[in-house]
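# Understanding the architecture of this molecule
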Amino acid sequence: MPNSSSIRQVMDHLHTWVGLFFGSLLFLVFFMGTLSVFDKEIDQWMIPSWRLEAVDIASFDQQAKPHLQDLAAGASHWAIQYPNDREPYMWIGWSENGEFIKYYIDPARGSLLPAPNSLGASGFFFPFHYYFHIKWKNVGIWLLAITANAMLVVLISGIIIHRRIFKDFFTFRPFKHLQRATLDLHNATSILLLPFHFVITFSGLVIFLFIYTEPGIALIYGSEIEKSQSEIYSTADIDLHGGQQELASVDGMVAQAQEIWGGGAIRRINIRFSDGGSPLVDIQRLPTDRIGYQTDTLTFDGSSGQLLQQTVPSSALQVQQFFSGLHLMGFQHWGLRWLYFLMGLGSCVMIGTGFMLWIAKRARQQGTPTYRLAYAVALATTTGLAVATLAMLCINKALPPSGVAAQTEVIAFLTVWLLTLVHPLVRIRRPHTVPHRAILREQLLASAILAFAAIALNWAESGLPLWKTLNAEHLRAIGVMDLVLAAIAIVAGVAAGKLNKQQPQENR
Amino acid sequence: MMGWQLDIVAALTAWIGLAALCFQSAYQRQRLGLHKQKPAMRLAFLLTGIMMLAVSCQASITANGLGFGTLVFISQLGMIGLLLILALSRSAGAVLLLTAIAAMGVVLLTKPMAIL
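For clarity, every value in this text was computed on a predicted model and none was experimentally measured.

### Section: the overall build of chain A
Each helix and strand in chain A was counted, giving 19 helices and 8 strands. The C-alpha radius of gyration computed for chain A amounts to 26 Å, which stays within 12% of the reference 23 Å derived for 508 residues, consistent with globular compactness. With the C-alpha coordinates aligned to their principal axes, the bounding extent of chain A is approximately 80 × 65 × 40 Å. When the 508 residues of chain A are sorted by exposure, 50% land in the buried category. By sequence separation, contacts in chain A at least 24 residues apart represent 69% of the contacts at least 6 residues apart. Counting only carbon and sulfur atoms, one obtains 61% of the accessible surface of chain A, whose full area is about 24,200 Å².

Next up, the structure:
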């Protein structure tokens, strides 16, 4: 039987190699997830037409219906998202030739807003976080599942190998040599944020529970796969064949829904049309007052306004919704949102320092191609990702609005990201003459410069300096974003300066 | 008491609790160059730390409700812990001073004399 030290050795190997193999993907997921905590606020920074003053009441009948009748009269399905505290605009959408068409409305005036000309954070960073922009056969979501499981393996093996978990609870020695300080920081961020790491990873898996269990569901339900959906949501098929086809006041149905829920904001309305039958109106509640992402839905007969059905989530769905809420933060709690953001950054530090430890331990092998490649990949997926993101923000502000602006931003992001991979490969070609801290310093300096440039370009583009944005309630997110960028620039600049001062130790 | 005041009390008591737990650790005391503790003193620090964390949890739950309160408590504990280790690595004296200021802040916000 293996003794405890040999178990620790096995777990050490597992921790090192699973961490190294999945570290890039893990950092990508956590970094994009951290940005997604404030995706709506970054959207407003990137897309000036979305900086709107909040409205108290939005009306489907007055603001959305006229546009839908003009633009999508023949569509079989309309979707309408209501404005809320973080998204002051309303959007309408429908499917056309397999593509989902979306228009944005200013709810105060009822007019259509210009096309956004950018994917924004919710259209680029957030999808990157959960499916890496790989839609085909849900490959991206399955890749995320493998990555999340790797994270759990790394966390559990990390706990097992950590002999002095409680002793090291408050240990950080920044004045010892770099490798020791990096290990301390890796341990501190791992241990102190352990509940966050576990909960966020596990809840991330639970969100896509019904995709991951699809093969099992198909095995049980066979050809009646739709039946599983009605059992999960406790709903029945509604047949309104032969009813009136005209749509009654949806605002009236919204008022009914709010009365049933005892207040509460509306998240989304879906209107389903069928040939020769009444339309069905689904009204979804915005779950801002609870942790669980419980989007209660009421279904109305669209022609009479009569309530037909209320979804009662099954117990399995309730569990899934609770964990989804923990992860997605549908709730309205700014303190927790900032804590999630900071803890997300802590996770990035944990993964980044893990990479640095691997590199520092193998610094003697600088000349080997494996080391060079691992180092370049590690740097590109940590500091390189930050450089690429900041470059994307600069391009967003520098480009004039056009039909290709969104694509250009994405191309700029990918190009800069690729360059941050090429940079260490080229610089480390001559071993021992260019220490890897010099390469890291260059990327940190690039981050600092780009962060300052993003602030300057935003001020130049919008004509809104910090004192103006912080004073106006509907522009505060822009001001705070500028402050965060300034903080990034200062931290990156100071870190680059510190790396410059310290004596190289990687060859010891 | 307003919700935001309770949130601040929760954060301050979490800091005091974690600092007390840190100062009872023989390993930490050796690292920080502090004199050895008697077992009774160590027990007092330990109990103070645990009690302060319990008060922090209760304040957070009172301010935010059971679900959100627990989540806020766990989240801020991690972040305050990180802040504490960063501060400790710079100066143990500064941590002591900050802990005293936090204790004063709790007293001012809760006004225990008014309760008595």
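Still more ground to cover, so stick around.
### Brief notes about the interface of chain A and chain B
Taken together, the contacts link 27 residues of chain A with 23 residues of chain B. Remark: the boundary between chain A and chain B carries 0 salt bridges. Applying the counting rule to chain A against chain B returns 1 residue pair in polar contact (both at pLDDT 80 or more). The element best represented in the side of chain A that touches chain B is helix α13 (residues 334-361) of chain A, accounting for 5 residues. Looking at side-chain class alone, the side of chain A that touches chain B contains 17 nonpolar, 3 polar and 7 charged residues.

### Remarks on the pairing of strand β2 (residues 90-96) of chain A
Residue and element names in this part refer to chain A. Most of β2 sits out of view: 5 of its 7 residues are buried. Bridge analysis of β2 against strand β3 (residues 99-106) gives 7 bridges, and the strand direction is antiparallel. Bridging from a neighbouring strand, Glu-96 pairs with Glu-99 of β3. Linking two consecutive strands that pair antiparallel, namely β2 and β3, is a turn of 2 residues; a positive phi of about 50 degrees is found at Asn-97 within it.

### Structural notes on the pattern of salt bridges
Residues and elements named next belong to chain A. All told, the structure shown has 12 salt bridges over all chains when counted by the stated rule. Among the ionic pairs, Arg-290 bridges to Asp-296, the shortest N-O distance being 3.5 Å. Given a relative accessible area of 23%, Arg-290 falls into the partly exposed group. Judged by relative accessible area, Asp-296 falls into the buried class, the value being 17%. The salt bridge involving Glu-442 is made with Arg-427; its shortest N-O contact spans 2.4 Å. With Glu-442 in helix α17 (residues 436-462) and Arg-427 in helix α16 (residues 405-427), the pair connects residues that are 15 residues apart, well separated along the chain.

### What about the sheet that holds strand β8 (residues 307-310) of chain A?
All names here are of chain A. Read across the open sheet, the 8 strands follow the order β4-β3-β2-β1-β5-β6-β7-β8; overall the sheet is antiparallel. Because the sheet does not close on itself, it has two edges, and the strands there are β4 (111-112) and β8. In this sheet, β2 lies alongside strand β1 (residues 77-81) in antiparallel orientation, the contact comprising 4 bridges. Residue pairing in the sheet places Ala-79 in a bridge with Gly-93 of β2. Packing of helix α3 (residues 60-71) onto the sheet brings it into contact with β1, β2, β3, β4 and β5 (266-272), and relative to β2 it is tilted by some 30 degrees. Docked against the sheet, helix α11 (residues 250-261) engages β5, β6 (280-285), β7 (297-301) and β8, running at close to 45 degrees with respect to β6.

### Concerning the confidence of the model for chain B
Residues and elements named next belong to chain B. Mean pLDDT over chain B works out to 87, with 91% of the residues at or above the 70 mark. Across chain B, helix α3 (residues 39-64) holds the top mean pLDDT of 93, while helix α6 (residues 112-115) sits lowest at 60. For this predicted complex, the interface score ipTM comes out at 0.91, alongside a pTM of 0.92.

### With respect to unusual backbone geometry
Residue and element names in this part refer to chain A. The backbone of His-133 sits at a positive phi, close to 60 degrees, despite the residue not being glycine. Structurally, His-133 can be placed in the loop between α4 (120-131) and α5 (139-161). When its relative accessible area of 32% is taken as the criterion, His-133 is described as partly exposed. Backbone geometry at Asn-138 places phi at a positive 60 degrees, although glycine is not the residue there. Relative to the helices and strands, Asn-138 resides in the loop between α4 and α5.

Cut-off values and rules
Residues numbered from 1 in each chain as written. Chains lettered and ligands numbered in written order. Predicted model: local features only at pLDDT ≥ 70, side-chain atom pairs only at ≥ 80, totals over all residues. Heavy atoms only, no water. Helix = DSSP H or I, 4+ residues; strand = E, 2+ residues; numbered from the N terminus. Rg over C-alpha atoms; globule rule 2.2 N^0.38 Å. Buried < 20%, exposed > 50% of the residue type's maximum accessible area, 1.4 Å probe, protein only. Contact = heavy atoms within 4.5 Å. Areas by Shrake-Rupley, 256 points an atom, 1.4 Å probe, with all protein chains shown as cover. Salt bridge = Lys/Arg side-chain N within 4 Å of Asp/Glu carboxyl O. Polar contact = N/O pair within 3.5 Å; in protein donor to acceptor, adjacent residues only side chain to side chain. Nonpolar A, V, L, I, M, F, W, Y, C, P; charged D, E, K, R; others polar. Pairing = 2+ DSSP bridges. Axes fitted to C-alpha atoms, helices over the stretch in contact; angles between N-to-C directions. pLDDT = per-residue confidence, 0-100.

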